[in-house]
Amino acid sequence: MSETNNNENSAAPTVRFADFGLAPEILRALSDQGYVHPTPIQAQAIPVVLQGRDVMGAAQTGTGKTAGFSLPIIQMLLAHASTSMSPARHPVRALILTPTRELAVQVAENVKAYAAHTPLRSTVVFGGMDMKPQTEILRRGVEIVIATPGRLLDHVEQKNISLGQVQMLVMDEADRMLDMGFLPDLQRIINLLPKKRQNLMFSATFSPEIKKLAGSFLTNPTTIEVARSNATADKVTQVVYKVAEEQKRDVVEFLIRSRELKQVIVFSNTKIGASRLSRSLEQAGIKASAIHGDKTQQERMAALEAFKKGEIEVLVATDVAARGLDISDLPCVINYDLPYNAEDYVHRIGRTGRAGASGDALSVYSDKDERLLADIEKLIKQTITRGELTGFAPYARGASAGYGGERRARRSGESESRPSRTSSSAPPPRREKVDPWFLKPYEPSTVTRKEAAPTGPASPSSKPKQKVAALLGGLPKP
DNA sequence: AAAAAAC
C-alpha cells in the first residue's frame, strides 16, 4: 500500500491523480489512503495503459509499480463494460501473475483497496492453501484475478475459472516469470487467453535476454523506465564484509547485534541455510523466523506477519522474499550468502530503502564468492564499500565444519536434501560450551566502514544466457 | 547451483 505513498518522488509536484481522468470511485479510494500525487512510474504508466498500449515497465522496488498498473486497469474495466453474462456477469477480465504467493497476496490487497468503491470484484488464488474457498469465490465471479501460475492452472483444469475473456494481462516481476522454471506454466496460461489483449510487464530489472524474451510476448510495447535499468535503490548504503566462510554466521549475528536488533531481513541462498541460521539466531536469544518454500504456507504467512508486526527481529529468507515484498520501515537487509544471480542482489536490497526511506544493505562473503561479488558490482556499475569488522570476535564452536550442535532438520524435506549429514549414524558434532562473545556487553559503533578504492565503471553484463536464447527459438509465440 | 511454482 505504501508504494504509492511516495509524494516526494513525484515527477512534477503539479501532477495529481485527478489529472488522469480516473473515475471518481478510484479517486475516492486514493484519497481514502491520502494519496494525491503519482510517483514517476505511475505518472508514466497510467496514461499509457489507459491508451490500451502494451507496456514494458522497469522501475525499482518501492516506486509504486503496483498502483501504476492497478489503477488504470480498474479504470479500463470500469470504462469498458463487459458484454458477457457469465459466470454471474463477472467474467475474469484482468489477470495479474506473480512469482510468489506472498507477493500475490500483497498485490491483491492493493487492488482490493483501489477498487473498493467500484462494483469490480477481485480475488487472489495461490497454492499451499485449501482450494475450496478460492473455488467458491471464483465461481461467484470476479473481474480481476491475482494468481501464482500453478494454482491458477489447477483452477482452470477444474473448470473453476475461465480465462477466455481476459482483456488485460500483467506479469509482475516479469524477469522471474520468464525464467526457466516459470516459463512452461506461463506459456500454458497465455495459450488460454484471447489473442487480442493488453499486456503489461513490470520488473525492477530487465536483462537484455529477458527484455528480448519479454518483447516476444508484447505487441509494440511502450517502454517505461523510471530509474536507470538495474540501478540499485538510490538511498541504500551498501557494504560488504569479507570473512572466513566458517565465520559468516557469527558475523551476521554480530552485524545484527551491532544494529541493536533493529529489524532486518537476512537472505540465504538455500532453504536449509535459512532454517539453520534462523534456529541458530533463536538459540542465541534473537527473535527470528525463517521463510522459505519448504515451510507450510501457514508458517510462511505467520512469519511474514510476525515480522511486519515487529514481533520478530530477524526474518531469515530465501529468495522467496527477494522480490516485491513491501515491508515498510525496514532499515536493513543482510546477505548471509551473496546471490548466484547478480540481479537477485538488486531485488534483495530493494527490500530496504523503500518509498524514499534510507536503508543499509550489508553482505558477508568469503574467498570463494569473489566472482559473485564481481558480477554484482558489474551489474550495478559501482564498487561496493568494503567494510571492516571492528570488535568482532569469533565464537568458538569446536567443530570446524560450521554449525556444531545443529539438531537434525525438523522438516522431512530439509533432511532429505542433506542425506550425507543427517542420515549418518555418527552423532552430530556438539557445540562446545564456551562463553559466547555476544553475552558480553555490547559496545556500540564498533562496525566501521572503509571506502574501497574505486575500480572504475564496469561494462554492462554480457554473460550470454543460452538457455533463454534457446527457448526464444523453441517456444511458440503466443 | 538454488529457489520458486499444483495436487
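Residues numbered from 1 in each chain as written. Chains lettered and ligands numbered in written order. Predicted model: local features only at pLDDT ≥ 70, side-chain atom pairs only at ≥ 80, totals over all residues. Heavy atoms only, no water.

A. How the structure looks around the packing of helix α10 (residues 248-258) against helix α11 (residues 271-283). The geometry of α10 relative to α11 is characterised by a closest axis approach of 11 Å and an angle of 55 degrees between their N-to-C directions. Between α10 and α11, the angle falls in the class oblique. The hand of the α10/α11 crossing is right-handed. On α11, the residues touching Arg249, Val252, Glu253 and Ile256 of α10 are Leu277, Ser280 and Leu281. Residue classes in the contact of α10 with α11 are distributed as four nonpolar, one polar and two charged. (Axes fitted to C-alpha atoms, helices over the stretch in contact; angles between N-to-C directions. Helix = DSSP H or I, 4+ residues; strand = E, 2+ residues; numbered from the N terminus. Parallel < 35°, antiparallel > 145°, perpendicular 65-115°, else oblique. Left-handed = near helix turned anticlockwise from the far one by under 90°. Contact = heavy atoms within 4.5 Å. Nonpolar A, V, L, I, M, F, W, Y, C, P; charged D, E, K, R; others polar.)

B. View of the UniProt feature "short sequence motif: Q motif" (unreviewed entry) in chain A. UniProt feature "short sequence motif: Q motif" (unreviewed entry): in the numbering of this structure it lies at residues 15-43. Along residues 15-43, the helical share is 45% and the strand share 0%, with 8 Å between the first and last C-alpha atoms. (UniProt positions renumbered as here; feature names shortened; annotations may be inferred.)

C. Molecular detail of the sheet that holds strand β4 (residues 144-147). Strand order across the open sheet formed by seven strands is β3-β4-β2-β5-β6-β1-β7, with parallel pairing between neighbours. Across the chains shown, the open sheet's two edge strands, defined by having one partner strand only, are β3 (122-125) and β7 (222-225). On average, each strand axis in the sheet is tilted by 15 degrees relative to the strand beside it, whichever way the strands run. As judged from the five bridges shared by strand β5 (residues 168-172) and strand β6 (residues 198-203), these two strands associate in the parallel manner. (Pairing = 2+ DSSP bridges.)

D. Quick look at the pairing of β3. Of the two faces of β3, the one holding Ser122 and Val124 and the one holding Thr123 and Val125 are both buried throughout. The sheet contact formed by β3 and β4 spans four bridges and is parallel. If you follow threonine 123 over to β4, its bridge partner there is valine 145. In this region the chain leaves β3, passes through helix α5 (residues 131-140) and returns to the parallel neighbour β4; the handedness of that crossover is right-handed. (Buried < 20%, exposed > 50% of the residue type's maximum accessible area, 1.4 Å probe, protein only. Right-handed = clockwise from strand over helix to strand, strands pointing away.)

E. Expanded view of the protein's contact with DNA strand B. Around DNA strand B, the structure places 23 residues, and the nearest of them are Arg151, Lys271, Gly293, Arg300 and Tyr340. Taking all atoms of DNA strand B within 4 Å of the protein, the share assigned to sugar and phosphate is 70%. Between threonine 318 and DNA strand B, the recorded distance is 2.8 Å, taken from a side-chain N or O atom to a phosphate oxygen. Sort the elements by how many residues they give to the surface near DNA strand B and helix α6 (residues 149-157) lands first, with four residues. Its residues assigned to classes, the surface near DNA strand B shows four nonpolar, twelve polar and seven charged. (Near = heavy atom within 4 Å. Polar contact = N/O pair within 3.5 Å; in protein donor to acceptor, adjacent residues only side chain to side chain.)

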